[in-house]
Amino acid sequence: MATRQESTNKQMETEKPSIVLEPATNNTSCYQHWFLERDDDHIAWLACDKKEASTNVLSAAVLEELDNILGELEQTLPKAVVIYSRKKKGFIAGADINEFLNLGGQKEATAMIQRGQRIFDRLEALKCPTIALIHGFCLGGGMELALACRYRIADDDAGTKLGLPEVKLGIHPGFGGTVRLPPLVGAPAAMDMMLSGRALSARAAKKIGVIDYAVPSRQLRFAAKEVALTPPKVKKACGWKAWTNNRLVRPLLATYLEKQVAKKATKEHYPAPYAMIGIWKKYFDDRESMLVEEAASVSRLVLGSTAQSLIRVFFLQEAVKSLGRVKNYTPQHVHVIGGGVMGGDIAAWCALRGLTVTIQDKNRESLARVMKRANGLFKKKLKQPRLMQAALDRLMPDIEGYGIAKADVVVEAIFENVEAKQTLFKELEPRMRKDALLATNTSSIPLQILSEALANPTRLVGLHFFNPVAQMQLIEIVSSEITDKNVAQRAAAFARKIDRLPVPVTSTHGFLVNRVLMPYLMEAVILEAEGVPADTIDKAALKFGMPMGPIHLADTVGLDICLSVAKNLSEQFGGEIPKRLTDLVEAGQLGVKTGKGFYEYKKGKPQKTATENANVPADLTDRLLFRLLNECVSCLHEKVVADADLLDTGVIFGTGFAPFRGGPVNYIKSNGVAKMKAKQIALYEKYGDRFNLSPGWDALDR
Ligand code: NAI
C-alpha cells in the first residue's frame with residue numbers, strides 16, 4: 001500500500017507543478033528580479049522573484065525592471081500576460097518600506113510614487129488580457145499591481161491574504177489603489193478594505209469582487225490559462241455598488257465614513273484615512289486628478305511624523321520578530337498548568353495557533369471554564385465549524401498532567417504564590433523532558449527565587465503574557481542572571497510560533513511593562529483623589545493618544561491587582577500608595593468585575609462623571625506622562641531591556657503607548673532631551689519626590 005506521502009507525490013507528478021516551482025523554458029528572458037517566459041500558446045508568464053530575498057517587495061529596482069519588461073511586451077504583444085510569484089511565501093508584500101525612511105523631501109517622495117503609478121498605468125494599458133495569479137500574501141503595492149491587471153485569480157488556501165494595509169503605516173494606497181478599487185467593488189467595500197487595512201481571505205475577496213476566481217492551488221495555472229485563452233467579460237461594480245461612487249452620494253457617504261473613522265482615530269493623530277476619504281469624495285469623477293491627488297497626499301503623509309513613527313514601529317516589530325528565529329526549534333506540544341484567567345487563555349491561544357495543548361488544573365470546574373472560553377475564542381476567530389472543531393481537538397484537559405512528559409514547552413500559570421510555585425516546580429522537573437522549556441507566567445516573583453526549587457535552575461525562563469492574551473501582542477521574555485541564553489532564545493522562538501512579539505527583559509521587579517505603567521496609573525489615582533473627574537483624566541490620556549484612559553484601565557485590570565502590583569513595586573522602588581486606592585479595595589469596589597471602581601459600570605460601560613466646576617490642573621497630561629517617561633528612562637538606565645528600541649517596542653505593545661509617537665524614548669528624543677528633562681525637573685520642584693529625576697536622562701543624549 002502506498003504511503004500518504006507517496007500518493008501525494010504521485011498526484012503532484014500528474015498535476016501541473018506548483019506555480020512557485022515552475023521551471024523556466026528556453027524561451028525565457030532573465031532579469032534580476034523577474035523571469036519572463038513565453039509558452040507555445042503565446043502566453044507570457046511573468047514571475048516576480050526578487051533577488052536575494054525571501055519575500056517579493058516592490059523596490060525601485062524591481063519596479064524599474066517591470067517597466068522595461070512592459071516595454072518588451074508592448075513590442076511583441078503576447079496573447080495574454082500572467083503575473084505570478086516564484087516565492088514560496090506569497091505574491092508581493094508591498095512597496096519596499098526601507099525606501100520610505102530616508103526620503104529627501106516632498107519632491108523626491110512624489111516622484112517615487114508617480115513612478116509607481118506610471119508603471120501600473122502602463123501595465124493596465126497593455127493591449128492584451130493581464131492576469132494576476134496570487135498565492136500567499138498580496139498586500140499594499142502588490143495588491144495595487146494586481147488591481148492594475150484585468151483579472152485576478154487567487155489560491156483559495158487559508159494562507160492567501162489580500163489587503164491594502166497602508167493606513168497602518170500612516171499613509172494610504174499610492175500606486176493607483178484608491179483610484180482602482182472603488183469602481184471595482186463599490187465604495188463601501190473598498191473603503192472598508194483601505195480604512196481598516198484588514199487582509200481578506202481569497203473567499204472573502206471573491207465575495208466582494210476584489211478577485212475574479214478563488215481556486216485550489218493545483219488548478220491555479222490551469223485557471224490562468226483558461227482566462228488567458230478565452231477571456232471573460234471584465235468585472236466591475238454595478239447596480240447599487242456602482243451608485244455608491246455617484247457624485248450625489250459621495251458627500252453623504254464620506255461624512256458617514258469620517259464619523260466611523262473618528263470613533264477609532266482622530267484626524268490630528270492619524271490624518272491618512274481622512275485624506276483618502278477626501279480625495280475620493282472630491283476627485284472620483286476625474287481619474288487623472290485623482291491620481292495626481294493620491295500621489296500628492298501620500299508624499300505629504302509619508303514625510304509626516306505619524307507615518308515616520310508608524311514606519312519606525314513596523315521596523316521595531318520586525319526586529320523583535322527576528323529575535324525569535326532559532327534554527328531547528330519547532331515546538332509542537334505545550335502543557336499549561338493553571339487553568340485560571342491567564343493559563344486558560346494561554347492554552348486556548350496556543351491551540352488556536354496550531355499547537356497541541358494539554359491544560360492542567362487541580363480544579364475540574366476551572367478546566368470546564370477553559371474549554372468554554374476557548375470555544376468562544378475559536379468561534380470568533382475561526383468561524384468555520386471544521387476549523388473550530390480541529391482547534392478544540394488540539395486542546396485537551398489533563399487533570400493528571402499526562403502531557404508533562406511529552407511537552408516541548410511547559411508553562412506554569414498558577415496562583416502568584418512563591419511556595420505554591422516552588423512546590424509545583426519540584427514535582428514537575430523530574431517528570432519533564434530534559435530538553436523541554438520550563439516557563440513561568442509570574443508577574444512579580446523574581447526568577448532567582450522560583451528557580452531555587454529546581455535541580456537545574458538555569459532552565460527556568462519567564463514568559464510574561466498580558467491580559468487579555470488574545471489581544472495583547474507582547475510577551476516579556478524574562479531572564480535572571482542564571483537563565484541559560486539558549487533557553488531564553490527558545491522562549492522567544494516559542495513566542496513567535498504563537499504569533500506574539502518577544503521582548504527580552506531582566507528579572508527585576510515589575511519587569512518592564514508593569515513597572516512603567518504603575519507610576520502613570522498611580523498619578524491618575526492621585527489626580528482623581530484631588531478632585532479631578534475620572535473622565536477628565538481619561539480624556540487627557542486619550543487626547544495624547546493612549547488607547548484607554550488610566551482610570552478606566554485601572555478599573556479594567558482590577559483595583560485589587562493594581563494595589564498588589566503597586567505594593568510590590570513601592571517596596572522595591574519607594575513611593576507611596578494613594579489612600580484612595582486602598583480605600584476602594586477595602587470597600588470591595590474593584591472595578592469592572594464588581595460593577596464599581598472609580599466609575600460605576602452599566603453593561604460593562606463606565607458611567608461618566610460630572611465635569612462642571614471641576615478643578616483641572618493645567619499640567620494634567622504632563623503629570624501623567626512624565627511619571628511614565630521617567631520610569632522608562634530608569635528602566636533603560638538599569639538595563640531592564642538592552643536598548644531604547646526594545647524599550648519602545650515593549651511599552652508600545654504592552655501598554656498601548658501612542659504608536660504614532662514611536663515609543664516613549666522616541667517621543668522624548670523627538671521633543672528634545674534637554675527640554676523634556678527640564679519639564680521633569682519642574683514637576684519635581686512642584687510636586688516632590690515622586691517626580692525625582694531618573695539618573696538615566698543624561699545618557700539619552702548620547
Ligand atoms: P487565577 O487565580 O485566575 O488562576 C490560577 C489557577 O491555577 C486556578 O484555576 C487554580 O485552580 C490553579 N492552580 C493553583 N495551583 C495549582 C496547582 N498546583 N496545580 C494545578 N493548578 C493549580 O490566576 P491568574 O490570574 O490566571 O494568574 C496566574 C499567573 O499569571 C500568576 O502568576 C499571575 O501573577 C500571572 N499573571 C496574571 C495576570 C492577570 O492579569 N491576571 C497577567 C499576567 C500574569
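Residues numbered from 1 in each chain as written. Predicted model: local features only at pLDDT ≥ 70, side-chain atom pairs only at ≥ 80, totals over all residues. Heavy atoms only, no water.

K.L.:
Account for the overall build of the chain, naming residues and giving values.
P.N.:
Tallying secondary structure elements over the chain gives 29 helices and 20 strands in all. Taken across its 702 residues, the chain has 53% of its residues classed as buried. A total accessible area of about 32,100 Å² is found for the chain, and carbon and sulfur atoms account for 53% of it. Both charge centroids of the chain, one from 93 positive and one from 78 negative side chains, sit 5 Å from each other. (Helix = DSSP H or I, 4+ residues; strand = E, 2+ residues; numbered from the N terminus. Buried < 20%, exposed > 50% of the residue type's maximum accessible area, 1.4 Å probe, protein only. Areas by Shrake-Rupley, 256 points an atom, 1.4 Å probe, with all protein chains shown as cover. Lys, Arg positive; Asp, Glu negative; His and termini not counted. Charge placed at Lys NZ, Arg CZ, Asp CG, Glu CD.)

K.L.:
Hey, could you go over the domain arrangement of the chain for me, with residue numbers and the actual values?
P.N.:
When its domains are assigned, the chain resolves into domain 1 (4-303), domain 2 (334-508) and domain 3 (514-639 + 672-701). Here the C-alpha centre of domain 2 lies 40 Å away from the C-alpha centre of domain 1. (Domains from an automatic or database assignment.)

K.L.:
Explain helix α27 (residues 664-671) to me, using residue names and the numbers behind them.
P.N.:
Listing the buried residues of α27 in full gives Pro664, Val665, Tyr667 and Ile668. Down the axis of α27, the sector holding all buried residues measures 160 degrees, keeping them to one side. For α27, the secondary structure elements touched by its buried residues are α21 (534-544), α25 (620-637), α26 (644-655), α28 (673-687) and α29 (697-700). Just downstream of α27, Gly672 is the residue with a positive phi angle, here 100 degrees. (Arc of directions from axis to C-beta. Contact = heavy atoms within 4.5 Å.)

K.L.:
Can you lay out the nonpolar core for me, pointing to particular residues and giving the numbers?
P.N.:
Considering soluble globular proteins, one finds that nonpolar side chains tend to be buried as a cluster. Membership of the largest hydrophobic core comes to 90 residues, with the highest contact counts inside it found for Leu428, Leu512, Leu629, Leu647 and Phe657. Counting residues domain by domain, this core receives three or more from each of domain 2 (334-508) and domain 3 (514-639 + 672-701). Sequence-distant contacts of Leu428, defined by excluding residues within four places in its chain, comprise Ile337, Ile404, Val410 and Leu438. One finds Phe100, Ala146, Leu169 and Ala307 within the second-largest nonpolar core, a separate group that totals 76 residues. (Core = buried A, V, L, I, M, F, W, Y, C linked by side-chain atoms within 4.5 Å.)

K.L.:
Describe the site of the ligand, listing the residues and the values that go with them.
P.N.:
The ligand sits among 21 residues. The nearest are Met342, Asp361, Glu416, Lys421 and Ser443. In the model, an oxygen atom of the ligand is placed 2.8 Å from a nitrogen or oxygen of the Met342 main chain. Ser366 is positioned with one of its side-chain polar atoms (N or O) 3.2 Å from an oxygen atom of the ligand. For the shell around the ligand, the class distribution of residues is 7 nonpolar, 10 polar and 4 charged. (Near = heavy atom within 4 Å. Polar contact = N/O pair within 3.5 Å; in protein donor to acceptor, adjacent residues only side chain to side chain. Nonpolar A, V, L, I, M, F, W, Y, C, P; charged D, E, K, R; others polar.)

K.L.:
Any chance you could break down the sheet that holds strand β14 (residues 409-412) for me, citing the residues and the numbers?
P.N.:
Sheet architecture is open: 8 strands sit in the order β13-β12-β11-β14-β15-β16-β17-β18, paired in mixed fashion. The open sheet has two edge strands with one neighbour each: β13 (395-397) and β18 (501-506). Looking at each pair of strands side by side, their axes are set apart by 25 degrees on average, direction ignored. (Pairing = 2+ DSSP bridges. Axes fitted to C-alpha atoms, helices over the stretch in contact; angles between N-to-C directions.)

K.L.:
Please set out the packing of aromatic side chains residue by residue, giving values where relevant.
P.N.:
The geometry of two aromatic rings is summed up by the distance between their centres and the angle between their planes. According to the stated counting rule, one finds 9 aromatic pairs in the structure shown. Between Phe120 and Phe175, the ring centres sit 5.5 Å apart and the planes meet at 85 degrees, which makes this aromatic pair edge-to-face. In this pair, Phe120 is assigned in helix α3 (residues 106-124) and Phe175 in the loop between β9 (161-163) and α5 (177-185), connecting sequence segments 55 residues apart. The exposure class of Phe120 is buried, given its relative accessible area of 0%. (Phe/Tyr/Trp six-rings, centres within 6.5 Å; stacked < 30°, edge-to-face > 60°.)

K.L.:
Report on the state of the cysteines, specifying residues and quantitative values.
P.N.:
Within this structure, the stated rule accounts for 0 disulfides. Summary of cysteine pairing: Cys48 is not part of a disulfide, and the nearest cysteine sulfur, belonging to Cys138, is at 11 Å. Note on Cys48: relative accessible area 1%, which makes it buried. (Disulfide = S-S within 2.5 Å.)

K.L.:
I'd like a description of the confidence of the model for the chain, backed by residues and values.
P.N.:
Across the chain, the average pLDDT comes to 93, with 95% of residues at or above 70. Counted against residues more than four places away or in other chains, residues 1-18, with its pLDDT under 50, gives 5 contacts. (pLDDT = per-residue confidence, 0-100.)

K.L.:
Which residues make up helix α22 (residues 550-557), and what are the values?
P.N.:
Most of α22 is tucked away: 6 of the 8 residues are buried. Pro550, Ile551, His552, Leu553, Ala554 and Asp555 are the residues of α22 that are buried. Those residues of α22 that are buried lie in contact with α20 (513-529), α21, α23 (559-573), β19 (600-602), β20 (605-607) and α25. Of the residues one or two after α22, Gly558 is the one with positive phi, at around 110 degrees.

K.L.:
Describe the pattern of salt bridges, and please don't skip the residues or the numbers.
P.N.:
Going through the model one piece at a time under the given rule, you end up with 36 salt bridges. Between Lys686 and Asp619 there is a salt bridge, and its shortest N-O distance comes to 3.4 Å. Residue Lys686 is located in helix α28, and its partner Asp619 is located in the loop between β20 and α25; the two are separated by 67 residues in the primary sequence. Each of Glu523, Glu530, Arg623, Arg627 and Arg690 takes part in one network of salt bridges that share partners. (Salt bridge = Lys/Arg side-chain N within 4 Å of Asp/Glu carboxyl O.)

K.L.:
Go over unusual backbone geometry, please, and point to the residues and values.
P.N.:
With an omega of 0 degrees, the peptide bond between Asn467 and Pro468 qualifies as cis. Note on placement: Pro468 falls in the loop between β16 (460-464) and β17 (474-479). For Lys383, which is not a glycine, the phi torsion comes out positive at approximately 60 degrees. By relative accessible area, Lys383 is classed as exposed at 63%.

K.L.:
Mind laying out the pairing of strand β8 (residues 151-155), listing which residues take part and the relevant values?
P.N.:
Among the 5 residues of β8, 5 are classified as buried, and the element is accordingly described as predominantly covered. Burial along β8 is two-sided: the residues Tyr151, Ile153 and Asp155 and Arg152 and Ala154 are all buried. As defined by bridge partners, strand β6 (residues 130-134) adjoins β8 across 4 bridges and the pair is classed as parallel. Looking at the pairing, Ile134 lines up with Ala154 of β8. Pairing geometry for β8 and strand β10 (residues 213-215), over 3 bridges, is parallel. Bridge assignment links Asp155 to a residue of β10, and that residue is Val215.

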